[in-house]
Amino acid sequence: MSEYLWHCPFCDTDQAVSSEGMQASFADLTADNADGPRRLVVKFVVCPNPTCNRFSLDVSLHLLTSSGSRAYTGKHVKTWSLVPPSQAKSFSVAVPSHILEDYHEASLIAEASPKAAAALARRCLSGILRDFWDVQSGSLNDEFRQIKGTADPLTWEAIESVRGTGLINGHMEIEGAEILDAEPGEPKLLIGLIEMLIQDWYVGREARRKQLAEIRQIAGAGSAEQKQE
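Parameters and conventions
- Residues numbered from 1 in each chain as written.
- Predicted model: local features only at pLDDT ≥ 70, side-chain atom pairs only at ≥ 80, totals over all residues.
- Heavy atoms only, no water.
- Helix = DSSP H or I, 4+ residues; strand = E, 2+ residues; numbered from the N terminus.
- Contact = heavy atoms within 4.5 Å.
- Pairing = 2+ DSSP bridges.
- Axes fitted to C-alpha atoms, helices over the stretch in contact; angles between N-to-C directions.
- Core = buried A, V, L, I, M, F, W, Y, C linked by side-chain atoms within 4.5 Å.
- Buried < 20%, exposed > 50% of the residue type's maximum accessible area, 1.4 Å probe, protein only.
- pLDDT = per-residue confidence, 0-100.
- Salt bridge = Lys/Arg side-chain N within 4 Å of Asp/Glu carboxyl O.

Caption draft 1: Representation of the environment of valine 93. Considering the arrangement of structural elements, one finds valine 93 in the loop between strand E6 (70-83) and helix H1 (97-108). For the pair valine 93 and valine 203, spaced 110 residues apart in sequence, the C-alpha separation works out to 5.9 Å. With sequence-adjacent residues up to four places away left out, valine 93 is seen in contact with Tyr202, Val203 and Glu206.

Right, here's the structure in full:
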């Protein structure tokens, strides 16, 4: 197997892995059955980043196609993430625990229960708005309106894109904890918005704080040198 680029779900970095380098191991299980030939592919990858070094494990099911005497992995049917149990991202800064809990649970059940996942995602979005922007409690749509003109224009454009989507536009008027019918793609859309807002707001704020501290340190050193002169 040649080397390929893999994204670590734990340290959130891209890493080059290969079976020859002992970072990745694959197992193919194939068997005939009443539903037709299927191939199960097990993938075990250890992150080569020495500060991480954690492993991920997932299993994917595929149709099996053949050509002559050779069998090939066909159409992808389904993938199960075993470690970590979902595609939830890790963030480099502290985020309030109740926000992360809703985010991780929504990510975990996004496929198994889209309705519950969408409800948790809406509650998570409301939690972000109330914590980061200190908005007044109300419907989720009202809470978003309170930051219009304050949020970064590009971030607001992403928010507006989600609010204006026919799949979830009506749902945004409802308090986040309510369970409503959800389209298959709705949880993924909401979870993607959550990840963007955490990255833009919480991670971005910490990066600005660090940059400000560096500027102050440089400015302080400059002032000290001028006084010595």
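Caption draft 2: Summary view of the sheet that holds strand E5 (residues 55-67). Judged by pairing direction, the sheet is antiparallel, and its four strands sit side by side in the order E3-E4-E5-E6 without closing on themselves. Looking along the sheet, the strands with just one partner apiece sit at the ends: strand E3 (24-31) and E6. Strand-to-strand twist of the sheet, defined as the mean angle between neighbouring strand axes without regard to direction, takes the value 20°. Here strand E4 (residues 38-46) runs beside E5; their pairing, made up of nine bridges, is antiparallel. In the strand pairing of E5, valine 46 is matched with phenylalanine 55.

Caption draft 3: The nonpolar core, seen in detail. Within the largest apolar cluster, 34 residues are counted, with the highest numbers of intra-cluster contacts made by Phe144, Ile147, Trp201 and Tyr202. If you list the elements that add at least two residues to this core, you get H1, helix H2 (114-132), helix H3 (140-145), helix H4 (153-163) and helix H5 (186-228). Discounting residues that sit within four places of it in the chain, tyrosine 202 has contacts with Val93, Ala94, Val95, Pro96, Ile99, Ile128, Asp131, Phe132 and Leu197. Grouped together as the second largest cluster of nonpolar side chains are eight residues, Cys8, Val17, Ala24 and Val45 included.

Caption draft 4: Here's a closer look at the confidence of the model for the protein chain. Per-residue confidence for the protein chain gives a mean pLDDT of 86; residues scoring 70 or more make up 88%. When mean pLDDT is taken per element in the protein chain, H1 scores highest with 95 and E3 scores lowest with 83.

Caption draft 5: Broad picture of the pattern of salt bridges. Scanning the model with the defined rule gives seven salt bridges in all. For the salt bridge of aspartate 102 with arginine 123, the shortest nitrogen-to-oxygen distance reads 2.8 Å. Linking aspartate 102 in helix H1 with arginine 123 in helix H2, this pair joins segments that are 21 residues apart in sequence. Relative accessible area serves as the criterion here: at 8%, aspartate 102 is assigned to the buried category. Glutamate 186 serves as the salt-bridge partner of arginine 122, at 3.4 Å between the closest nitrogen and oxygen. Residue arginine 122 is located in helix H2, and its partner glutamate 186 is located in helix H5; the two are separated by 64 residues in the primary sequence. Glutamate 186 matches arginine 122 in its accessibility class, with the two residues each being buried.

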